[in-house]
Amino acid sequence: VDSFSNNDLPKEIYSNFEMLQKAKGFVIDIRNNGGGNSDNATALAALFIGEKFLTDVMKYPAYYGPFKAWSTQGSFGEKTWEDVKEEKGNSKWWEKVYKVHKHEYFEYTTSTANISNLPGKLEGPLVILCSERTASAAENFILYMKHHTNAIIIGNKTYGSTGLPLPIKLESGGEFRVCTQHCYELNEDEFINKGIRPNIICINGIDDYKNRIDKVLLKGLDV
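Bear in mind that the values here come from a model prediction, so they are computed numbers and not experimental data.

Undergrad: Help me out: how do you make sense of the overall build of the protein chain in this one?
TA: Scanning the protein chain from N- to C-terminus turns up nine helices and nine strands. Relative to a compact globule of 223 residues, whose C-alpha radius of gyration would be 17 Å, the protein chain shows 22 Å and is clearly more extended. Each principal axis of the C-alpha atoms in the protein chain carries an extent, and together these give about 65 × 45 × 40 Å. Taking all 223 residues of the protein chain together, 40% fall into the buried category. If you take every contact in the protein chain between residues at least 6 apart in sequence, the share linking residues at least 24 apart comes to 74%. For the protein chain, the distance from the average position of its 26 positive side-chain charges to the average position of its 29 negative side-chain charges is 2 Å.

As structure tokens, then:
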């Protein structure tokens, strides 16, 4: 599965459910998947998890105009929150005023998938192949499978970036994107800028490419 941008993906996979049920095991290769629509990743994961499951643990920056105005009373300057806390006391109100002023105020939330058209659940040994090119919605998929199934993850650490990107157009015709959410693993571990570590590290080397051998896939099949 090289992309989660194909919004027909759930329909295409669900329509082949009876064929998939005959499989003795599953190897899902997302080594070249740079992401796309996380709803498509959720739909695929649901085949192995079920209709309802936790999908997101995250924080996102929040801005409140009145707190910015109140911050003018604080004379914060270059003070840290620890400095302000000594002066004002450990006040939740002052903490919010300070962090809104510094653009450091975040709100935390979780979300849960609820797939209504799931054709059933697939059973059997499960392996997922990933790499440093596995990013965004594909990392979401790995997190679903890592924390809700017994999948064995094989390959290299993932890219380490996901979270509802905001696209910004450039006059040159280019574009850059900024993640608007700071996502965590479902157990609240950090993976942004670190990547998700597989259960088994396995990386194709130069000799593997020269000899047209996919060592990672062979390891997945062996497992």
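Undergrad: Would you mind showing me how to read the nonpolar core here?
TA: Soluble globular proteins tend to pack their nonpolar side chains together in the buried interior. Core analysis: the largest hydrophobic core is formed by 38 residues, its most contacted members being Phe4, Tyr14, Leu47, Phe48, Ile128, Phe141 and Met145. Of all elements in the fold, only α1 (9-14), β1 (26-29), α3 (38-49), β2 (52-61), β4 (126-130) and α7 (137-148) reach the threshold of two or more residues within this core. In this structure, phenylalanine 48 is in contact with Phe26, Ile28, Lys121, Leu122, Leu126, Met145 and Thr149, ignoring residues within four places of it in sequence. With 10 residues, the next largest nonpolar core counts Ala62, Phe67, Val84 and Tyr98 among its residues.

Undergrad: Help me understand the pairing of strand β5 (residues 152-155), please; the structure alone is not making it clear to me.
TA: For a regular strand, side-chain orientation follows a simple rule: the groups alternate between the two sheet faces. Relative to β5, β4 runs parallel, the two being bridged by four bridges. Each residue of the ladder has a partner; that of valine 127, found in β5, is isoleucine 152. One crossover worth recording links β4 to the parallel β5 by way of α7, and it is right-handed.

Undergrad: Explain the sheet that holds strand β9 (residues 200-201) here, please?
TA: By definition, the strands of a sheet pair up through backbone hydrogen bonds, in either a parallel or an antiparallel sense. Taken in spatial order, the four strands make up an open sheet running β1-β4-β5-β9, and their pairing is parallel. With one partner strand each, in any of the chains shown, β1 and β9 form the two edges of the open sheet. By the bridge criterion, two bridges tie β5 to β9 in an arrangement that is parallel. Directly across from glycine 155, in β9, lies its bridge partner isoleucine 201. In the packing of α7 onto the sheet, the strands contacted are β1, β4 and β5, and the crossing angle to β4 comes to about 150 degrees.

Undergrad: Looking at this structure, how should I read the packing of α3 against α7?
TA: Helices that pack against each other are described as a pair by the angle of their axes relative to one another and the distance between those axes. Running from N to C, α3 and α7 cross one another at 20 degrees; their axes reach a closest spacing of 8 Å. When the interaxial angle is binned, α3 and α7 end up roughly parallel. Here α3 and α7 pass one another in a crossing that is right-handed. Listed contacts from α7 to Ser38, Ala41, Thr42, Leu44, Ala45, Phe48 and Ile49 of α3 are Ala137, Asn140, Phe141, Tyr144, Met145 and His148.

Undergrad: Quick question: what am I supposed to make of unusual backbone geometry here?
TA: For residues other than glycine, phi is negative in most cases, and the peptide bonds are mostly trans. If you check the backbone angles, histidine 103 has positive phi at about 60 degrees while not being a glycine. In this fold, histidine 103 is placed in the loop between α6 (92-101) and β3 (106-114). Positive phi is not limited to glycine here, since glutamate 188 has a value of about 75 degrees.

Undergrad: Honestly, the pattern of salt bridges in this entry has me stumped. Any pointers?
TA: If the charged atoms of two oppositely charged side chains come close together, the side chains can form a pair. Under the criterion given, the structure shown has 10 salt bridges. A salt bridge links arginine 133 to glutamate 132; the shortest N-O distance between them is 3.3 Å. Its relative accessible area of 42% is what places arginine 133 among the partly exposed residues. The partner of lysine 215 in a salt bridge is aspartate 208, with the nearest N and O atoms 3.4 Å apart. With a relative accessible area of 36%, lysine 215 lands in the partly exposed category.

About the thresholds
- Residues numbered from 1 in each chain as written.
- Predicted model: local features only at pLDDT ≥ 70, side-chain atom pairs only at ≥ 80, totals over all residues.
- Heavy atoms only, no water.
- Helix = DSSP H or I, 4+ residues; strand = E, 2+ residues; numbered from the N terminus.
- Rg over C-alpha atoms; globule rule 2.2 N^0.38 Å.
- Buried < 20%, exposed > 50% of the residue type's maximum accessible area, 1.4 Å probe, protein only.
- Contact = heavy atoms within 4.5 Å.
- Lys, Arg positive; Asp, Glu negative; His and termini not counted.
- Charge placed at Lys NZ, Arg CZ, Asp CG, Glu CD.
- Core = buried A, V, L, I, M, F, W, Y, C linked by side-chain atoms within 4.5 Å.
- Pairing = 2+ DSSP bridges.
- Right-handed = clockwise from strand over helix to strand, strands pointing away.
- Axes fitted to C-alpha atoms, helices over the stretch in contact; angles between N-to-C directions.
- Parallel < 35°, antiparallel > 145°, perpendicular 65-115°, else oblique.
- Left-handed = near helix turned anticlockwise from the far one by under 90°.
- Salt bridge = Lys/Arg side-chain N within 4 Å of Asp/Glu carboxyl O.

Everything listed here is a matter of coordinates, which is why it stays silent on function.
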